[in-house]
Amino acid sequence: MQVEGNSVLVTGGASGLGLATAKRMLDAGARVVIADLPSSDGEQVAAAAGEAMRFVAADVTSAEEITAAVAAAQEMAPLRATIHCAGRGGSRRIVDRDGNAAEQDLFDEIIRVNLLGSINVLRLAAAQMTRNGLVGEEAGVVVMTASAAAFEGQIGQAGYAASKGGVVGLTICAARDLAARGVRVCTIAPGLMDTPLLGRLPEEKRQGLAESVSQPKRLGDPDEYAALACQIVENQYLNGETIRLDGAIRMPARS
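Everything quoted here is computed from the prediction, not taken from an experiment.

Calculation rules
- Residues numbered from 1 in each chain as written.
- Predicted model: local features only at pLDDT ≥ 70, side-chain atom pairs only at ≥ 80, totals over all residues.
- Heavy atoms only, no water.
- Helix = DSSP H or I, 4+ residues; strand = E, 2+ residues; numbered from the N terminus.
- Rg over C-alpha atoms; globule rule 2.2 N^0.38 Å.
- Buried < 20%, exposed > 50% of the residue type's maximum accessible area, 1.4 Å probe, protein only.
- Contact = heavy atoms within 4.5 Å.
- Lys, Arg positive; Asp, Glu negative; His and termini not counted.
- Charge placed at Lys NZ, Arg CZ, Asp CG, Glu CD.
- Pairing = 2+ DSSP bridges.
- Axes fitted to C-alpha atoms, helices over the stretch in contact; angles between N-to-C directions.
- Expected span 1.5 Å × (residues − 1).
- Parallel < 35°, antiparallel > 145°, perpendicular 65-115°, else oblique.
- Left-handed = near helix turned anticlockwise from the far one by under 90°.
- Nonpolar A, V, L, I, M, F, W, Y, C, P; charged D, E, K, R; others polar.
- Salt bridge = Lys/Arg side-chain N within 4 Å of Asp/Glu carboxyl O.

A. Region of interest: the overall build of the chain. Helix and strand counts for the chain stand at eight helices and seven strands. Here the chain has a C-alpha radius of gyration of 18 Å; the compact-globule value for 255 residues is 18 Å, and the two agree. Expressed as a percentage of its 255 residues, the buried residues of the chain come to 49%. Looking at the chain alone, contacts between residues at least 24 apart form 69% of all its contacts between residues at least 6 apart. Placing the 24 positive and 30 negative side-chain charges of the chain at their respective mean positions leaves the two points 4 Å apart.

This is the structure:
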């Protein structure tokens, strides 16, 4: 799918992987809507980018707010690609150190944002792409974001790993479900990426994480995620696949 002259919706687009992807899409000639929380830097990011980018404050679990983001993208140009980067982390053991069952609330919230939010964005974006009709063989592309934790969740990551594993399981099913509509679906599963989240760690800890990567021995650059997202959008034969972007890391039980 060519993005030049079309619009792209990027969730979590105010920072990290989403911001890098939004900039790549803008450079490729797309109109871009970044959807992120009201507390994000989305307004400033969009203002700095100029008229080809807009910001819409949105929680990915809200049907109303994501519908508004999709509509904003459609107003700029036909919506042909959605890159869903928004999500959240959180650590909690299933049973705590005193042998008590963990409180359920954090598990619920992580799965609500990461898995149900992915389904919400997917269904609303795909519906708009379907209404826009085919360009050649396809109507649009949705790229979701999982994690290496979907395959090797670490101690304390039960909720996070389960939510991202759900996104992986969703991918092939969604691709098959939407095939008749001409909408492709793929997922990127990043490893240790140099995002603002890891940026808050002490340098010694960051270096230790970088050394755990097989090759290259460093944290991933958000622009490497963005480059892969763009390739998925452009390559019509990529569909139903989850692609690990992790320097061949296989996470141990604990870091």
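Moving on from the model shown.
B. Region of interest: the sheet that holds strand S7 (residues 242-245). Taking strand neighbours across the sheet as the criterion, the seven strands line up as S3-S2-S1-S4-S5-S6-S7 in an open arrangement whose pairing is parallel. Because the sheet does not close on itself, it has two edges, and the strands there are strand S3 (53-57) and S7. On average, each strand axis in the sheet is inclined to that of its neighbour by 20°, with strand direction left out of account. Of the strand pairs in this sheet, strand S4 (residues 79-84) and strand S5 (residues 140-145) are connected by three bridges, and their pairing is parallel. Within S5, the position partnered with Thr82 by the bridge is Val142. Along the sheet, helix H2 (residues 42-49) contacts strand S2 (31-36) and S3; its crossing angle with S3, the most-contacted strand, is approximately 165°. Contacts between helix H3 (residues 63-76) and the sheet are confined to strand S1 (7-11), S2, S3 and S4, with S3 contributing the most and set at about 165° to the helix.

C. Representation of helix H1 (residues 16-27) within the structure. Taking 1.5 Å per residue as the helical rise, H1 with its 12 residues ought to reach 16 Å, and the 17 Å between its terminal C-alpha atoms agrees with that figure. Regarding H1, the residues found buried are Gly16, Leu17, Gly18, Leu19, Ala20, Thr21, Ala22 and Met25. Positive phi appears at Gly29, one or two residues downstream of H1, with a value of about 95°.

D. Up close: the packing of H1 against helix H8 (residues 222-234). Where H1 contacts H8, the axes come no closer than 8 Å and their chain directions differ by 55°. Classed by the angle they form, the pair H1 and H8 counts as oblique. Once H1 is placed against H8, the crossing between them reads as right-handed. In this structure, H1 uses Gly16, Leu17, Ala20, Thr21, Arg24 and Met25 to contact H8, whose residues at the interface are Pro222, Asp223, Tyr225, Ala226, Ala227, Ala229, Cys230 and Val233. Grouping the amino acids of the contact of H1 with H8 by side-chain chemistry returns 10 nonpolar, two polar and two charged.

E. Seen up close, the pattern of salt bridges. All told, the structure shown has 12 salt bridges when counted by the stated rule. The partner of Asp105 in a salt bridge is Arg92, with the nearest N and O atoms 2.6 Å apart. Taken together, the positions of Asp105 in helix H4 (residues 105-132) and Arg92 in the loop between S4 and H4 put the pair 13 residues apart, joining distant regions of the chain. By relative accessible area, which is 28% here, Arg92 ends up partly exposed. Measuring nitrogen to oxygen at the nearest pair gives 2.7 Å for the salt bridge that ties Arg184 to Glu138. One end of the pair, Arg184, is in strand S6 (residues 183-190); the other, Glu138, is in the loop between H4 and S5, with 46 residues separating them in the sequence. Like Glu138, Arg184 is buried. One salt-bridge network, in which partners are shared between bridges, spans Glu152, Arg244, Asp246 and Arg250.

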